[in-house]
Amino acid sequence: MKREAQSDWSQMMDMKKRRSAQGVQGGLDAEQMEVLAAQALEAKKGMVKGMVATDKLRRQEEYFDVPEWAGMPCGGVHLCVFKGEKQIDTIMIDGCPYYLFGRNSQVCDVPLEHPSVSRVHVALVHHEKSKSTYIIDLKTQHGTFINDTKLPHKKPVKITPEDRLRVGMSTRSFKLVLTPPARPAKPETKHIEQAEEKPPVMTAEQEKERDAQAKAASIEIRNRGNKTEHKVKADFWDGIEVKKSVSPVPEPAEDTSLGPVKISHILLDGNTAKATAQLTSAKQEILLNMDGRGTAYAFGKYAKKHSICTSASKKGLLGTLPHLPVPIDASVLQLASSLKPDSVSNPVASQQGVHLLYRHSNDQ
């Protein structure tokens, strides 16, 4: 594996040496040669970036600098995802020169949820000339592994179909496959079709009578959950739109069996996408509970350090629903009331910014 990787790099170095020799023969000094080399490198990177969607580049350029040797792969290249020895998924990787893996779903092409995976953990890059595929660990804490060998930071390592790629401490592994995934065979249905009974042929008078009966139908609908009965007059047949007149159904009363709803939050402002990504990552850190002192402690610690709300001085504590000392959007209140005790919400945007909510357990 190393010899093949070195071969690719040696070819690049030979090309640079030939270009350097041509420059010397043309009478260019060292400084001019450096300028030309830099321009050639940027032109090459520009060509590579031209193969990548603009939105993808905008999201990922601050996390990963695309190598000038990157290029489009052969069609059908994909990864088989395994949990132990059982294949659980297939990921196509033939539509772009490179792919990023990590916990930040706003940035990465392949989101991974394991807590040991970094926000932007690893890059998979296709080589333009050799059509080989390389893995680059992006200076991660828990590492990237090929066949249980930890990869060096920021150095391309070739992966082959015989290898297994593992990210962080996750038990999932990825296997490179160079051919298109096999399509599942269509089930044999000929004998079923032959065995089907054809519907009886109706006369014109029978069809007219059927339609008349359908138009006169009346359907009773009983809402057992609310112990409320109401009737719907329906005008329909064989897929024709139903015209309804429905009596209103009262909304169920708020469930207070779980006790008072005590809420804390973390509020961030600025760019919504960036704040959402930051709070998604924050939720993972809070639930990981590195201090071992519980979710409430981890949430309060993060809120005190990062939240822009005045409640940050109280570790994000807002109060008990529905009476809160600060105005909160109705959509945020609705999400807060739906949380289970001792649970953290997903980020939610409002006019104030982006919130991460925590519902305290009843004994806190």
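Cut-offs used in this document
Residues numbered from 1 in each chain as written. Predicted model: local features only at pLDDT ≥ 70, side-chain atom pairs only at ≥ 80, totals over all residues. Heavy atoms only, no water. Helix = DSSP H or I, 4+ residues; strand = E, 2+ residues; numbered from the N terminus. Buried < 20%, exposed > 50% of the residue type's maximum accessible area, 1.4 Å probe, protein only. Contact = heavy atoms within 4.5 Å. Areas by Shrake-Rupley, 256 points an atom, 1.4 Å probe, with all protein chains shown as cover. Expected span 1.5 Å × (residues − 1). Axes fitted to C-alpha atoms, helices over the stretch in contact; angles between N-to-C directions. Left-handed = near helix turned anticlockwise from the far one by under 90°. Nonpolar A, V, L, I, M, F, W, Y, C, P; charged D, E, K, R; others polar. Pairing = 2+ DSSP bridges. Polar contact = N/O pair within 3.5 Å; in protein donor to acceptor, adjacent residues only side chain to side chain. Lys, Arg positive; Asp, Glu negative; His and termini not counted. Salt bridge = Lys/Arg side-chain N within 4 Å of Asp/Glu carboxyl O. Phe/Tyr/Trp six-rings, centres within 6.5 Å; stacked < 30°, edge-to-face > 60°. Lys NZ or Arg CZ within 6 Å of the ring centre and 35° of its normal.

As for the overall build of the protein
Then comes step 1: Across its full length, the protein carries 8 helices and 18 strands.
Then comes step 2: Taking all 364 residues of the protein together, the buried fraction comes to 37%.
Then comes step 3: Relative to all contacts within the protein whose residues are 6 or more apart in sequence, the contacts with residues 24 or more apart total 49%.
Then comes step 4: A total accessible area of about 23,400 Å² is found for the protein, and carbon and sulfur atoms account for 53% of it.

A few points about helix H6 (residues 272–288)
Then comes step 1: Its 17 residues place the ends of H6 24 Å apart at the C-alpha level, agreeing with the 24 Å of an ideal helix rising 1.5 Å per residue.
Then comes step 2: Residues of H6 that are buried in the fold lie against strand S14 (262–268), helix H7 (295–306), strand S16 (343–344) and strand S18 (354–359).
Then comes step 3: Positive backbone phi, approximately 55 degrees, marks asparagine 289, located one or two places after H6.

Focus on the packing of H6 against H7
Then comes step 1: At their nearest, the axes of H6 and H7 sit 9 Å apart, and the two run at 145 degrees to each other. As for how H6 packs across H7, the hand of that crossing is right-handed. Side by side, H6 and H7 meet where Gln278, Ala282, Glu285, Ile286 and Leu287 of the first sit next to Thr295, Ala298, Phe299, Tyr302 and His306 of the second.
Then comes step 2: When the residues that make up the contact of H6 with H7 are grouped by side-chain class, the tally is 6 nonpolar, 3 polar and 1 charged.

Let's talk about the pairing of S18
Then comes step 1: When you tally the buried positions in S18, you get 6 out of 6 residues, the bulk of the element.
Then comes step 2: Burial along S18 is two-sided: Val354, Leu356 and Tyr358 and His355, Leu357 and Arg359, pointing in opposite directions, are all buried.
Then comes step 3: Across 6 bridges, the pairing between S14 and S18 is antiparallel. Counterpart to histidine 265 in the pairing with S18 is leucine 357.
Then comes step 4: Of the pairings in the sheet, the one linking strand S17 (residues 348–349) to S18 comprises 2 bridges and is antiparallel in character. Residue pairing for S18: valine 348 is matched across the bridge by histidine 355.

Observations concerning the side chain of histidine 126
Then comes step 1: Its location among the elements puts histidine 126 in strand S5 (residues 122–126).
Then comes step 2: Residue classification places histidine 126 among the buried residues on the basis of a relative accessible area of 0%.
Then comes step 3: Looking at histidine 126, its side chain comes within polar contact range of the side chain of threonine 133, at 3.2 Å.
Then comes step 4: Beyond its immediate stretch of four places on either side in the chain, histidine 126 contacts Trp69, Ala70, Gly71, Pro73, Val77, Ile93, Cys96, Pro97, Tyr99, Ser132 and Thr133.

Some details on unusual backbone geometry
Then comes step 1: A positive phi angle, near 55 degrees, is found at asparagine 147, a position not held by glycine.
Then comes step 2: Its place among the elements puts asparagine 147 in the loop between strand S7 (144–146) and strand S8 (149–150).
Then comes step 3: Judged by relative accessible area, asparagine 147 falls into the partly exposed class, the value being 39%.

Notes on the side chain of lysine 283
Then comes step 1: Of note, lysine 283 is situated in helix H6.
Then comes step 2: In this structure, lysine 283 is buried with no salt-bridge partner, the nearest side chain bearing the opposite charge being glutamate 113 at 9.5 Å.

Details of the pattern of salt bridges
Then comes step 1: Taken as a whole and assessed by the stated rule, the structure comprises 6 salt bridges.
Then comes step 2: For aspartate 55, the salt bridge is made with arginine 58, and the minimal N-O distance between the two is 3.8 Å. Taken together, the residues aspartate 55 and arginine 58, both in helix H3 (residues 54–60) and 3 residues apart, mark about one turn of the helix.
Then comes step 3: As a salt-bridge pair, arginine 164 and glutamate 85 come within 4.0 Å of each other at their nearest N and O atoms. Of the two residues, arginine 164 sits in the loop between strand S9 (157–159) and strand S10 (165–167) while glutamate 85 sits in the loop between strand S1 (78–83) and strand S2 (86–92), which places them 79 residues apart along the sequence.
Then comes step 4: On the accessibility criterion, glutamate 85 (68% relative accessible area) is exposed.
Then comes step 5: Connected through shared salt-bridge partners, Asp55, Arg58 and Arg59 make up one network.

With respect to the sheet that holds S5
Then comes step 1: Strand order in this open sheet of 5 strands is S4-S3-S5-S6-S9, and the pairing throughout is mixed. The open sheet terminates on both sides in strands that have one partner only, identified here as strand S4 (110–111) and S9.
Then comes step 2: Pairing of S5 with strand S6 (residues 133–137) involves 5 bridges; the strand directions are antiparallel. From the neighbouring strand, histidine 126 faces S6, where its bridge partner is threonine 133.

Side note on the packing of aromatic side chains
Then comes step 1: By the definition in use, this model includes 4 aromatic pairs.
Then comes step 2: Each ring, one from tryptophan 69 and one from tyrosine 134, has its centre 5.4 Å from the other, and the planes form 70 degrees; the classification is edge-to-face. With tryptophan 69 in the loop between H3 and S1 and tyrosine 134 in strand S6, this pair connects stretches of sequence that are 65 residues apart.
Then comes step 3: Ring geometry for phenylalanine 101 against phenylalanine 174: centres 5.8 Å apart, planes inclined by 80 degrees, an arrangement best described as edge-to-face. Highlighted residues: phenylalanine 101 in strand S3 (residues 98–102) and phenylalanine 174 in strand S11 (residues 172–177), separated in sequence by 73 residues. The same class applies to phenylalanine 101 as to phenylalanine 174, namely buried.
Then comes step 4: A cation over an aromatic ring shows up here: lysine 56 above the ring of tyrosine 98, its NZ or CZ 4.1 Å from the ring centre.
Then comes step 5: Stacked on the ring of phenylalanine 82, the Lys or Arg arginine 164 has its end atom at 4.1 Å from the ring centre.

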